[in-house]
Amino acid sequence: MRILLYNPDNGVTRNFMPHLWMFLLQALTPPGHEVVLIDGNAQPMDEEGIARYVRENGIGLVGIGAMTRMIAKAYRMADAVRTAGVKVVMGGPHVTELADEALGRDGGSRHADAVALGEADETWPRIVEDAARGTLKDVYAPVDDFGQERKPSLQPYPVIPWDKIKLEQFNLLPGILHPLLKRVGAGWGTFRIIPVESGRGCPYGCEFCTVTGFFGDSIRFRTNESVVNELLLLKARAREEGGQIAVFFIDDNFAINVKRTKSLLRDIIAANAQVHWVAQISANLLRDEELVDLIAAAGGKWIFIGMESIDPANLADVKKGFNKPGEYAVVLDRLARRNVFAITSFIFGMDNDTPGVAERTLKEIRTWPPGLPIFGLMTPLPATPLYKRLEAAGRLTRPKHWQEFIPFAMAHTPLKMSIDEAHSEVRIGWASSYSPEAIEKAVDSLNHQPLGYRISIFIARLCFRGIYFPQMGRFAWVKVIAQNRRTIFNLAKEGFSAWRCTPLKSVSSERGT
């Protein structure tokens, strides 16, 4: 049987990193079946396109995974596949919480022939075999003999054959940048960010987050050896391609067990398995100087920190009081001293926010080392404590906001500002942080760093800009390049100078001078 695993686009911009679940399920598929992967963020596809694809390619089963912001598109694509006569199984956090919605048991249309609840590591092989026999059930859940939910241990962990998987669709670099990158040196033919997990689960239980509900509050880890081997495989592929590969550790809190994280980082260093990587780590865990030293030595370049707010009252409201805004600057300076920088995430529209929250936040950000700030709105996701609290208080303005996804639009009324004011604050945050002037300033602030490092932060800034501003088509990229032409020119000029000097140094060396 030919199986298509499809991830819908996120409805905002192209996601520059593929989703791990597709590669993981591909590795877990029983022998005798062929699996094809399509990520809608990298290969745009509409309903007619996916229906035609499954018909023309003899697809017998389609698996669709989606988070809440993607679910409306996922349902439309699933409907098109089912109309074409092909079975659909859906999974992910949203479907796990609202299985009746996907199965049409809530009074709406049915979108899926089957749903996979929770983590599908154990249930996916059964789903495939049942589909091949024509005995697909409605619901698959990982439960033990007593009917209790069972979580996979991650030991052993499936080997994902990164050296053989086709990754052409996931090249991060826009074609328009290729001439510039060829000038600055070899090794930039491709640039991909690859998802890797070292563990699952989070004990914190923040009010707005789905992670604890989906993965649980007990942490499960892979062995250090399996993570190191995966990094070595990716590093070898990058070398063979003459390109760049970075890793995003998708663990919801990579350093939640600091002792274990230090052990993993030491093993990465010992095996020479360093690649550039990004990870999500809470600010409170980065007080540990030794941990930060190991992060830098093991290849860590960016740390995603969910700061959420600079207001302690907001953090207490959403059960994230372990974040201490007074420590943010110290943590970021600690990272920057080791050439590790931060992706700092903020949420506007929280209950203690008032008009002007964006500028107050930006004022703090401007005192920190250059990073990648991102801004969003407080969003009540289904089944979270936040959703239940707002629903009980009658504050939901769009109780099923996911059925008509609107990027960066609130679904409830804030307490101390209007919905329109909250939307304006987000616009201010993005516009002030990702204007050409702001990007130029961030790049120039790293003049003490090698050229390649500054190019990487420039590319990262352009890509992160696309989270909020439309940046999907060729014309949009041309416009962005034009707006940032001064920064590009300066980088290109420096790269060209370095390129011209290199042969002269080689000649001098050969002559012994």
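Below or above, wherever it landed, is the structure these notes cover. All of these numbers come straight from a predicted model, not from anything done at the bench.

**Focus: the nonpolar core**
Line of reasoning, step 1. Ranked by internal contacts, the top residues of the largest apolar core, which has 153 residues, are Met90, Trp124, Trp277 and Ile305.
Line of reasoning, step 2. Per element, the largest residue contribution to this core is nine residues, and it comes from helix 18 (residues 451-465).
Line of reasoning, step 3. Aside from chain neighbours lying at most four places away, what touches Ile305 is Ile281, Ala283, Leu286, Val331, Leu332, Leu335, Ala342, Ile343, Thr344 and Ser345.

**Details of the packing of helix 9 (residues 224-241) against helix 10 (residues 258-270)**
Line of reasoning, step 1. For the pair helix 9 and helix 10, the least separation of the axes is 10 Å and the interaxial angle reads 40 degrees. With respect to helix 10, the element helix 9 is oriented oblique. The chirality of how helix 9 crosses helix 10 is right-handed. Together, Asn224, Val227, Val228 and Leu231 of helix 9 and Arg260, Ser263, Leu264, Asp267 and Ile268 of helix 10 make up the contact between the two elements.
Line of reasoning, step 2. Taken together, the residues that form the contact of helix 9 with helix 10 break down as five nonpolar, two polar and two charged.

**Let's talk about unusual backbone geometry**
Line of reasoning, step 1. Each neighbour pair has its own omega, and for Gln155 with Pro156 the value is 0 degrees, a cis peptide bond.
Line of reasoning, step 2. As for its placement among the helices and strands, Pro156 is situated in the loop between strand 6 (139-140) and helix 7 (178-184).
Line of reasoning, step 3. Its identity is not glycine, yet Asn272 carries a phi of approximately 55 degrees, on the positive side.
Line of reasoning, step 4. Structurally, the position occupied by Asn272 is in the loop between helix 10 and strand 11 (277-280).
Line of reasoning, step 5. The phi torsion at Glu308 lies on the positive side, around 70 degrees, for a residue other than glycine.
Line of reasoning, step 6. Following the sequence through the fold, Glu308 ends up in strand 12 (residues 300-308).

**Digging into helix 2 (residues 47-56)**
Line of reasoning, step 1. The complete set of buried residues in helix 2 reads Gly49, Ile50, Ala51 and Val54.
Line of reasoning, step 2. Of the surrounding secondary structure, the elements contacted by the buried residues of helix 2 are strand 1 (2-7), strand 3 (59-65) and helix 3 (71-83).

**Quick word on the packing of helix 10 against helix 11 (residues 289-297)**
Line of reasoning, step 1. Where helix 10 meets helix 11, the closest approach of the two axes is 9 Å, and the angle between their N-to-C directions is 30 degrees. By the angle between their axes, helix 10 is roughly parallel relative to helix 11. Pair helix 10 / helix 11 crosses with left-handed handedness. Contact with helix 10, carried on its side by Thr261, Lys262, Leu265, Arg266 and Ile269, involves Glu290, Leu291, Leu294, Ile295 and Ala297 of helix 11 and no other residues of that element.

Here is what the cut-offs are and how they apply
- Residues numbered from 1 in each chain as written.
- Predicted model: local features only at pLDDT ≥ 70, side-chain atom pairs only at ≥ 80, totals over all residues.
- Heavy atoms only, no water.
- Core = buried A, V, L, I, M, F, W, Y, C linked by side-chain atoms within 4.5 Å.
- Buried < 20%, exposed > 50% of the residue type's maximum accessible area, 1.4 Å probe, protein only.
- Helix = DSSP H or I, 4+ residues; strand = E, 2+ residues; numbered from the N terminus.
- Contact = heavy atoms within 4.5 Å.
- Axes fitted to C-alpha atoms, helices over the stretch in contact; angles between N-to-C directions.
- Parallel < 35°, antiparallel > 145°, perpendicular 65-115°, else oblique.
- Left-handed = near helix turned anticlockwise from the far one by under 90°.
- Nonpolar A, V, L, I, M, F, W, Y, C, P; charged D, E, K, R; others polar.

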